Amino acid sequence: MNDIAAKVLEGDQRSIARLITLAENGSPLAASGMKKIHPYTGNAYVIGITGVMGSGKSTLIYELTKEYRRKGLKVGIIAIDPTSPFSGGALLGDRIRMMDLATDDGVFIRSMGTRGMLGGLTSAVYDVVEILDASGKDLVLVETVGVGQAEVDVIKIADTTLVVLVPGLGDSIQTIKAGIMEIADIYIVNKADRFGVEQAVAELESLIDIACTGKDRKTPVLTTVAKENKGIVELINEIENHKKHLKKTKMFDAKRRKRYEAELVEIIRKRLMNFIFDESTFKGKVESLIDQISKKEVDPYTAAEEILGKILK
Amino acid sequence: MYDKKELDNIKRKKVEWNKECYSQHVKNRAERKKKFNNLSSLKIENIYTPDDVAHLDYDKHLGFPGIYPFLRGIHPTMYRGRLWTMRQFSGFGSAEETNKRYKYLLEHGETGLSVAFDYPTLYGYDTDQPLSRGEFGKCGVAISSLKDMEILFNGISIDEVTTSMTINGPAAIVWAFYMANAENRGISKQSIGGTIQNDILKEYIAQKSFIFPPEPSMRLIVDTFEYGFKEVPRWNTISISGYHIREAGSTAIQELAFTLGDGLEYVRWAIKRGLKIDDFAQRLSFFFNAHNDFFEEIAKYRAARRIWSQEMRNLGAKKDRSLYMRFHTQTAGCTLTAQQPEINIARVTMQALSSILGGTQSLHTNSMDEALALPSAKAARIALRTQQVIAEESGVTDTVDPLGGSYYIEWLTDKMVEETYKYFDKVEKLGGVIPAIEKGFFQREIAESSYKYQKEIDEKERIMVGVNKYQMDEPIEIPILKMDEKGEERQINRLKKLRKNRNNSKVDRNLSNLRKAADGDKNLMPFILECVHSYATLGETCDILREVFGEYTEPAIY
Amino acid sequence: MDQKIRVLIAKPGLDGHDRGAKIVARALRDAGMEVVYTGLHQTAEMIVETAIQEDVNVIGLSLLSGAHMTLFKDVTKLLNAKGLNDVLIIGGGIIPEEDVSKLKKAGVSGVFGPGTHCEDIVRFIRKNVKK
Ligand SMILES: Nc1nc2c(ncn2[C@@H]2O[C@H](COP(=O)(O)OP(=O)(O)OP(=O)(O)O)[C@@H](O)[C@H]2O)c(=O)[nH]1
Ligand SMILES: [Mg+2]
């Protein structure tokens, strides 16, 4: 098991895949691997892609990746789909758009279920970014679940966040109202082959004008037809511009710091929850407290304080 | 349809009967099931009376056979005049083997041919292209060039028998093979008859044998419409198909609504091109599934005729022939079981009967062994005999639309019309058929229905004899067709030889002319015919179009 | 630990009949598994690479064209060559009895024909999954 980290650093596909599984399952074995690889991380540029369901996120990732590969860069892709809250299972279908990349060993694609996390990401996503980073990927592309209401967690992990919209149906406006306005570093109006592009772009720009007054950078709006590989080169240039802007304004380091903060919080949260709900520690206590709460013998706050008191002492 | 007083009387009596008679009996013995739903999840009542069809106007909604809205049949005489065409879909292995099977079926009384192609052919690949690996002749016959088409119809009178070809993405090219073969045999294009399926919309929706994106695909199809009515007037240039939509797991209502919706979409594209509706409409034909729910299926075919004639009139069709919803039927492959396969004969009989009572123009009955492998000669013969028994022995052909006027059938027919229009509205709200495809609307609807159906079977809410009831543990004893193992090798050698012996500079010239034409907006049929005549292969011709048009990938829908 | 069974549902070959594959994919999800679906027309190389990257416990191959002898075996051969012997392989389609035993010998542990209960597939996977 010790050499799994070493093999990840060599870029071995199977070891990368294995370590991701361990991390995702919260296995204790993952921690030792993760500790070893951390010194070798920080090189990959992370791009987050979010947007409404079916807006073309996966197709865009596929086209971006092909373009990056043409430049000789290595790409890691994390594609997240929702886990069913009822069964705990998930259908992970983003790969369908990317199957041509399956046999390219400069690309690693991993599909993940949210496994109970809200916000569009999954708990292990920070680990997976580190693993792909350590394995030598120049870029890591993260596709969030496609809902577009409050899936804004992607900014915790991405250096550049792309928000994908489509023309028509007025849903562009809806999404922005829902709070996505704040998170976009670049807007993309995909499916620009469809009716209503000009209108969507105009609506967006007027909103951006209001939101960005007084700021040093105005969020750009690009149009793409991902399906036909149109607008991809321009998008890559714009991502490059944003990267330069981040470096120039020192925002880059601040962003990375935010990511580590989120990662740290997530690790602590996960460990703490596991500790509390583990059979060998408090699970029995928790169950009996819940019974007592139901019978009104104790209130939830007192119960919580009792458990936390045991841990903190 | 009824006198008001009479109707009130019936209504009253129905209430009385339900209260005093029916429910009394249910008290003594409960109904077998909590709810009686048909396969489209429509609730079926204990009885239907004139009350349920009172809103129908006989002339406007039913009419007489051969007269608008054709609900009771497109021809006045129907099977009193001529029986339906018995057309068994078949093809496997090499052109030689399939040619033998066709002759066998014709000898046994089959009246039309229907070609099943293998997967490489359906995707426009030659047998020796890499993606064809392992697929040669498996689900149909491999046709990679005009040479193969010559062998396939060798010794068969293609000026007399009509041929239906189930081919979609590369339909224009395969049709060109057929025409070129006829021409080389001295038979004019004017005198050959048949059908190409050529229905790409249902490929995106259900069957998934697509090649190009929607727009260029639609262009190719309209090209065949235009070429067809000018040059090959006896040919049905499309067979708008619900069969595969149903096989993919849709309900009968979805099959009906999506198919007719597709049909209207083709008509709109052709009109947009500038074709006159009365020129091409008579060459449109349909293809439906015959599934298990006997009455629902009959109602489906009848409803289809009414809706189609209404909608075609709305689109400006004037000639009666343009309003006909002519259709082929195939019994439902997905209802066949591998368990106790002989009982498939009983299923097929019921299904076939429903399509005949529904007024089909031609029919394929499945062979009992099709859930196991390609049909053996004996199984194929029994399937054909099943049709012959219905035609010659049962008496159902003696009068036109024998179930017309049944309260249940008329209610159900009208209900299906109503449900179809609801789907039309939904699709329109999504921006039309192609946007709805891109949004995955149809695919999601079908996935839902098929999952529900499977669950009902798993939970024994729906019974499949031999599968979830009356099971037997017995070895399967159906002789299974063995293919000639040398077939693939022979085919590959034939291709090699062909590529060496033909006039290759002519082939290159024709292919590059096709490329140029595809880039522009000329009708591609003449260019394709040129390529085919010079023995350019299917793969070569299709690759040119792939280059120009690109390829389609589907949205991910479960 | 929050271990889930991960399954790759793949359609090798050219046939487009994905009704069965999709129903199985949904049923496995409803049984709590994570199901990666690849879409149509997958080569053996694509399937095996995907299985590696997704670190799946199970590969389900679905094929209705009759090309299973060639194409299923292509996958098992490649898996062996790559040393992936802890992956459970199952197959579905119209597969005659005599081919079933040959496929089992080649490493396809479970073969499911038309009329299979989704429950049976779930049970089979739970019982036979190797890691
Ligand atoms: N017309 C048009 N369709 C596109 C374009 N880009 C993608 N699509 C289609 O939109 C559909 C959805 O694309 P995906 O890439 O799967 O979208 P997604 O946002 O990843 O979807 P989810 O992951 O399900 O939220 C597919 O059918 C694509 O072919 C485009 O530029 N124009
Ligand atoms: Mg996606």
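Quick caveat: nothing in here was measured; it's all calculated off a predicted structure. (Residues numbered from 1 in each chain as written. Chains lettered and ligands numbered in written order. Predicted model: local features only at pLDDT ≥ 70, side-chain atom pairs only at ≥ 80, totals over all residues. Heavy atoms only, no water.)

Section: the packing of helix α11 (residues 252-273) of chain B against helix α17 (residues 407-429) of chain B
All names here are of chain B.
(1) Moving on: Contact pair α11 / α17: the axes reach a minimum separation of 9 Å and the direction vectors enclose 55°. Considering the angle they form, α11 stands oblique to α17. Here the hand of the crossing between α11 and α17 comes out right-handed. Together, Ala252, Ile253, Gln254, Leu256, Ala257, Phe258, Leu260, Gly261 and Leu264 of α11 and Met416, Glu419, Thr420, Tyr423 and Phe424 of α17 make up the contact between the two elements.
(2) Moving on: A per-class count over the contact of α11 with α17 returns 10 nonpolar, 3 polar and 1 charged. (Axes fitted to C-alpha atoms, helices over the stretch in contact; angles between N-to-C directions. Helix = DSSP H or I, 4+ residues; strand = E, 2+ residues; numbered from the N terminus. Parallel < 35°, antiparallel > 145°, perpendicular 65-115°, else oblique. Left-handed = near helix turned anticlockwise from the far one by under 90°. Contact = heavy atoms within 4.5 Å. Nonpolar A, V, L, I, M, F, W, Y, C, P; charged D, E, K, R; others polar.)

Brief notes about the site of ligand 1
(1) Moving on: Around ligand 1, 20 residues are found, and the nearest of them are Lys57(A), Ser58(A), Thr59(A), Asp94(A) and Lys191(A).
(2) Moving on: Mapping the residues near ligand 1 onto chains gives chains A and B.
(3) Moving on: In the environment of ligand 1, an oxygen atom lies 3.1 Å from a nitrogen or oxygen atom belonging to the backbone of Ser55(A).
(4) Moving on: The side chain of Asp193(A) places a nitrogen or oxygen atom 2.9 Å from a nitrogen atom of ligand 1.
(5) Moving on: Protein contacts shield 90% of the accessible area of ligand 1, which totals 660 Å² for the unbound molecule.
(6) Moving on: Counting residues per element, the shell around ligand 1 draws most heavily on helix α4 (residues 57-70) of chain A, at 3 residues.
(7) Moving on: In the shell around ligand 1, the residues fall into 4 nonpolar, 7 polar and 9 charged. (Near = heavy atom within 4 Å. Polar contact = N/O pair within 3.5 Å; in protein donor to acceptor, adjacent residues only side chain to side chain. Areas by Shrake-Rupley, 256 points an atom, 1.4 Å probe, with all protein chains shown as cover.)

Topic: the sheet that holds strand β1 (residues 45-51) of chain A
Two strands in a sheet stick together by hydrogen bonds in their backbones, pointing the same way (parallel) or opposite ways (antiparallel).
Residues and elements named next belong to chain A.
(1) Moving on: If you walk across this open sheet you meet the 7 strands as β4-β2-β5-β1-β6-β7-β8, and the pairing is parallel. Lying at the two open borders of the sheet, with one neighbouring strand each, are β4 (107-113) and β8 (221-223). On average, adjacent strands in this sheet sit at an angle of 20° to one another, irrespective of strand direction.
(2) Moving on: Relative to β1, helix α8 (residues 232-248) is tilted by about 120°, and along the sheet it contacts β1, β6 (160-165), β7 (186-189) and β8. (Pairing = 2+ DSSP bridges.)

Structural notes on the confidence of the model for chain C
(1) Moving on: Confidence in the prediction of chain C, expressed as mean pLDDT, is 91, and 98% of residues score 70 or more.
(2) Moving on: Reported confidences for the modelled complex are a pTM of 0.84 and an ipTM of 0.94. (pLDDT = per-residue confidence, 0-100.)

Some words on the sheet that holds strand β8 (residues 327-331) of chain B
Residues and elements named next belong to chain B.
(1) Moving on: With respect to topology, 9 strands assemble into an open sheet ordered β5-β4-β3-β2-β1-β9-β8-β7-β6, the strand pairing being parallel. Of all strands in the sheet, those with a lone pairing partner are β5 (235-236) and β6 (238-241), marking the two edges.
(2) Moving on: As defined by bridge partners, strand β1 (residues 85-90) adjoins strand β9 (residues 362-364) across 2 bridges and the pair is classed as parallel. Residue pairing across strands places Met86 opposite Leu363, the latter belonging to β9.
(3) Moving on: Here helix α15 (residues 344-357) sits on the sheet and contacts β7 (284-290), β8 and β9; the angle it forms with β8, its principal contact strand, is near 165°.

Comments concerning the nonpolar core
(1) Moving on: Of all hydrophobic cores here, the largest spans 90 residues; its most connected members are Met312(B) and Leu28(C).
(2) Moving on: Of the residues forming this core, the biggest block, 11 residues, is contributed by α11(B).
(3) Moving on: What Met312(B) contacts, discounting residues up to four positions off in sequence, is Leu264(B), Val267(B), Ile277(B), Ala281(B), Leu284(B), Ala317(B), Ser322(B) and Leu323(B).
(4) Moving on: By size, the runner-up hydrophobic cluster in this structure holds 60 residues, among which are Tyr102(B), Met165(B), Trp235(B) and Cys542(B). (Core = buried A, V, L, I, M, F, W, Y, C linked by side-chain atoms within 4.5 Å. Buried < 20%, exposed > 50% of the residue type's maximum accessible area, 1.4 Å probe, protein only.)

Some remarks on the interface of chain B and chain C
Reports of interface size often rely on the accessible area that becomes lost once the parts have come together.
(1) Moving on: Taken residue by residue, the interface counts 39 residues in chain B and 34 residues in chain C.
(2) Moving on: Across the chain B to chain C interface the summed buried area is about 3,000 Å²; carbon plus sulfur atoms make up 53%.
(3) Moving on: Inspection of the chain B/chain C interface yields 3 salt bridges.
(4) Moving on: Applying the counting rule to chain B against chain C returns 11 residue pairs in polar contact (both at pLDDT 80 or more). (Buried area = accessible area lost by both parts, 1.4 Å probe. Salt bridge = Lys/Arg side-chain N within 4 Å of Asp/Glu carboxyl O.)

What to know about the coordination of the magnesium ion (ligand 2)
Residue and element names in this part refer to chain A.
(1) Moving on: Donor atoms from the polypeptide that coordinate the magnesium ion (ligand 2) comprise Ser58 (OG), Asp94 (OD) and Glu143 (OE), at 2.1 to 2.2 Å from the metal.
(2) Moving on: Read in sequence order, the donor residues for the magnesium ion (ligand 2) give the motif S-x35-D-x48-E. Of this pair, Asp94 sits in the loop between β3 (90-92) and β4 while Glu143 sits in strand β5 (residues 139-143), and the two are 49 residues apart along the sequence. Just as Asp94 is buried, Glu143 falls in that class too. (Donors = N, O, S within 2.8 Å, 3.2 Å for Na, K, Ca; no water.)

Quick word on the pairing of β7(A)
All names here are of chain A.
(1) Moving on: Residues Ile186 and Ile188 line one face of β7 and the alternating positions Tyr187 and Val189 line the opposite face, and both faces are buried.
(2) Moving on: Pairing geometry for β7 and β8, over 3 bridges, is parallel. Across the sheet, residue Val189 finds its bridge partner in β8, namely Thr223.
(3) Moving on: Running through helix α7 (residues 197-211), the crossover from β7 to the neighbouring parallel element β8 is right-handed. (Right-handed = clockwise from strand over helix to strand, strands pointing away.)

Section: the interface of chain A and chain C
(1) Moving on: Listed as interface residues are 32 residues of chain A and, on the opposing side, 29 residues of chain C.
(2) Moving on: Between chain A and chain C lies a buried interface of about 2,600 Å² when both sides are counted; carbon and sulfur atoms form 52% of it.
(3) Moving on: Three residues, Arg14(A), Leu91(A) and Met99(A), lead the burial of chain A against chain C; their summed loss comes to 22% of the area buried on that side.
(4) Moving on: One can count 5 salt bridges joining chain A with chain C.

Section: the packing of helix α5 (residues 125-134) of chain A against helix α9 (residues 251-277) of chain A
Residue and element names in this part refer to chain A.
(1) Moving on: Their axes nearest at 9 Å, the elements α5 and α9 cross at an angle of 125°. Between α5 and α9, the angle falls in the class oblique. Of the residues in α9, those in contact with Tyr126, Asp127, Val129 and Glu130 of α5 are Arg259, Tyr260, Ala262, Glu263, Glu266 and Lys270.
(2) Moving on: Considered class by class, the residues forming the contact of α5 with α9 number 4 nonpolar, no polar and 6 charged.

What about the environment of Pro213(B)?
All names here are of chain B.
(1) Moving on: Position of Pro213 relative to the elements: it lies in the loop between α8 (201-207) and α9 (214-231).
(2) Moving on: Sequence-wise, Pro213 and Gln454 are 241 residues apart; in three dimensions their C-alpha atoms are separated by 31 Å.
(3) Moving on: Not counting residues within four places of it along the chain, the set of residues in contact with Pro213 comprises Tyr204, Phe549, Gly550, Glu551 and Tyr552.

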